[in-house]
Amino acid sequence: MTKIAIYPGSFDPVTMGHVDVLKRALKIFDKVIVVVGENPNKKYLFSVEERKAMVESATEGLNVEIDHFSGLLVDFTKKKNATAIIRGLRAVSDFDYEFQAALMNRKLDNTIETIFIMTRGMYCYLSSSVVKEVASLGGDLKDLVSMNVAEELKKKFKK
Ligand code: PNS
């Protein structure tokens, strides 16, 4: 049986930390679908289409499918015949929200498992928010995001 996992996120924008988690998920699952979603509590810098295009460029060469969704994550996961949801964990500060979401997703559909992948130490400090802050202030984005994403950020903040 093909083991399929969903790797959902806002990816506003996708960072090297996300790509690292994805690469490690690919070692465990036969297929990983990266899905760009909407968190109603967040205000996004990039549209869904822009975020999807950046994920596409940042994951070039990796054997992944890229999609987007709205609505309940468990419904989308089921529709894709996936059995697991991948989430990256950086620090204890991520845990509360992730634990709550994982438990809610299990309540909604107990056939789907949430799998947490610990980030590498070198990416512990890295988040899409911090990347946007550095970009908005003209800082160096090397090692934080792919070259293409860095270009997109520069364009956004030039406007
Ligand atoms: O942490 P992120 O990256 O902002 O997560 C974004 C996303 C879209 C993955 C998250 O907001 C999500 O799972 N949304 C779907 C809504 C849902 O299924 N809610 C019920 C479980 S809490």
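My aim in this report is to walk through the structure given alongside it, one point at a time. (Residues numbered from 1 in each chain as written. Predicted model: local features only at pLDDT ≥ 70, side-chain atom pairs only at ≥ 80, totals over all residues. Heavy atoms only, no water.)

1. Structural notes on unusual backbone geometry
Here's step 1: A cis amide bond, omega 5 degrees, links Asp12 with the succeeding residue Pro13.
Here's step 2: Phi is positive for Asn81, which is not a glycine, with a value near 60 degrees.
Here's step 3: Considering the arrangement of structural elements, one finds Asn81 in the loop between α3 (73-79) and β4 (84-89).
Here's step 4: Judged by relative accessible area, Asn81 falls into the exposed class, the value being 60%.
Here's step 5: In this structure, Asp143 takes a positive phi of about 70 degrees despite not being glycine.
Here's step 6: Its relative accessible area of 48% is what places Asp143 among the partly exposed residues. (Helix = DSSP H or I, 4+ residues; strand = E, 2+ residues; numbered from the N terminus. Buried < 20%, exposed > 50% of the residue type's maximum accessible area, 1.4 Å probe, protein only.)

2. Some words on the pairing of strand β3 (residues 64-68)
Here's step 1: Where strand β2 (residues 31-36) and β3 come together, five bridges link them in parallel fashion. Looking at β3, one finds that Val32 is bridged to Val64.
Here's step 2: For the crossover from β2 across helix α2 (residues 48-58) to β3, the handedness is right-handed. (Pairing = 2+ DSSP bridges. Right-handed = clockwise from strand over helix to strand, strands pointing away.)

3. Description of the nonpolar core
Here's step 1: In terms of nonpolar packing, the biggest core is built from 32 residues, with Val14, Ile86, Leu141 and Leu153 touching the most fellow members.
Here's step 2: Of all elements in the fold, only β1 (4-9), α1 (16-28), β2, α2, β3, β4, α5 (128-136) and α6 (147-158) reach the threshold of two or more residues within this core.
Here's step 3: Sequence-distant contacts of Leu141, that is, excluding residues within four places in its chain, are made with Val131, Val134, Ala135, Ala150 and Leu153.
Here's step 4: Within the second largest apolar cluster, 11 residues are counted, among which are Ile6, Leu73, Val74 and Ile85. (Core = buried A, V, L, I, M, F, W, Y, C linked by side-chain atoms within 4.5 Å. Contact = heavy atoms within 4.5 Å.)

4. What about the packing of aromatic side chains?
Here's step 1: Evaluation of the coordinates by the stated rule reveals three aromatic pairs.
Here's step 2: Arranged with centres 5.4 Å apart and planes meeting at 80 degrees, the rings of Tyr7 and Phe11 form a pair that is edge-to-face.
Here's step 3: Given a relative accessible area of 4%, Tyr7 falls into the buried group.
Here's step 4: For the pair Phe95 and Phe99, a centre-to-centre distance of 5.1 Å together with 20 degrees between the ring planes defines the contact as stacked. Residue Phe95 and its partner Phe99 are both found in helix α4 (residues 92-108); the two are separated by four residues, about one turn of the helix. (Phe/Tyr/Trp six-rings, centres within 6.5 Å; stacked < 30°, edge-to-face > 60°.)

5. Overview of the environment of Glu151
Here's step 1: Tracing the backbone through its elements, the reader meets Glu151 in helix α6.
Here's step 2: The spatial distance from the C-alpha of Glu151 to the C-alpha of Lys80 is 32 Å, given a sequence separation of 71 residues.

6. What to know about α4
Here's step 1: Counted at 1.5 Å a residue, the expected span for α4 with its 17 residues is 24 Å, and the 25 Å between its end C-alpha atoms agrees.
Here's step 2: Along its length, α4 shows its largest kink, about 25 degrees, at Glu98.
Here's step 3: What α4 keeps buried is the set Asp94, Glu98, Ala102 and Asn105.
Here's step 4: On its buried side, α4 packs onto α3, β4 and β5 (113-118). (Expected span 1.5 Å × (residues − 1). Bend = angle between axes of the 7 residues up to and from the residue.)

7. Some points on the site of the ligand
Here's step 1: Not every one of the 16 residues close to the ligand is listed here, only the nearest: Ser10, Lys42, Leu73, Arg87 and Asn105.
Here's step 2: One of the side-chain N or O atoms of Asn39 is found 3.4 Å from an oxygen atom in the ligand.
Here's step 3: One of the side-chain nitrogen or oxygen atoms of Arg87 is found 2.8 Å away from an oxygen atom of the ligand.
Here's step 4: Coverage of the ligand by the protein chains reaches 78% of its 560 Å² of free accessible surface. (Near = heavy atom within 4 Å. Polar contact = N/O pair within 3.5 Å; in protein donor to acceptor, adjacent residues only side chain to side chain. Areas by Shrake-Rupley, 256 points an atom, 1.4 Å probe, with all protein chains shown as cover.)

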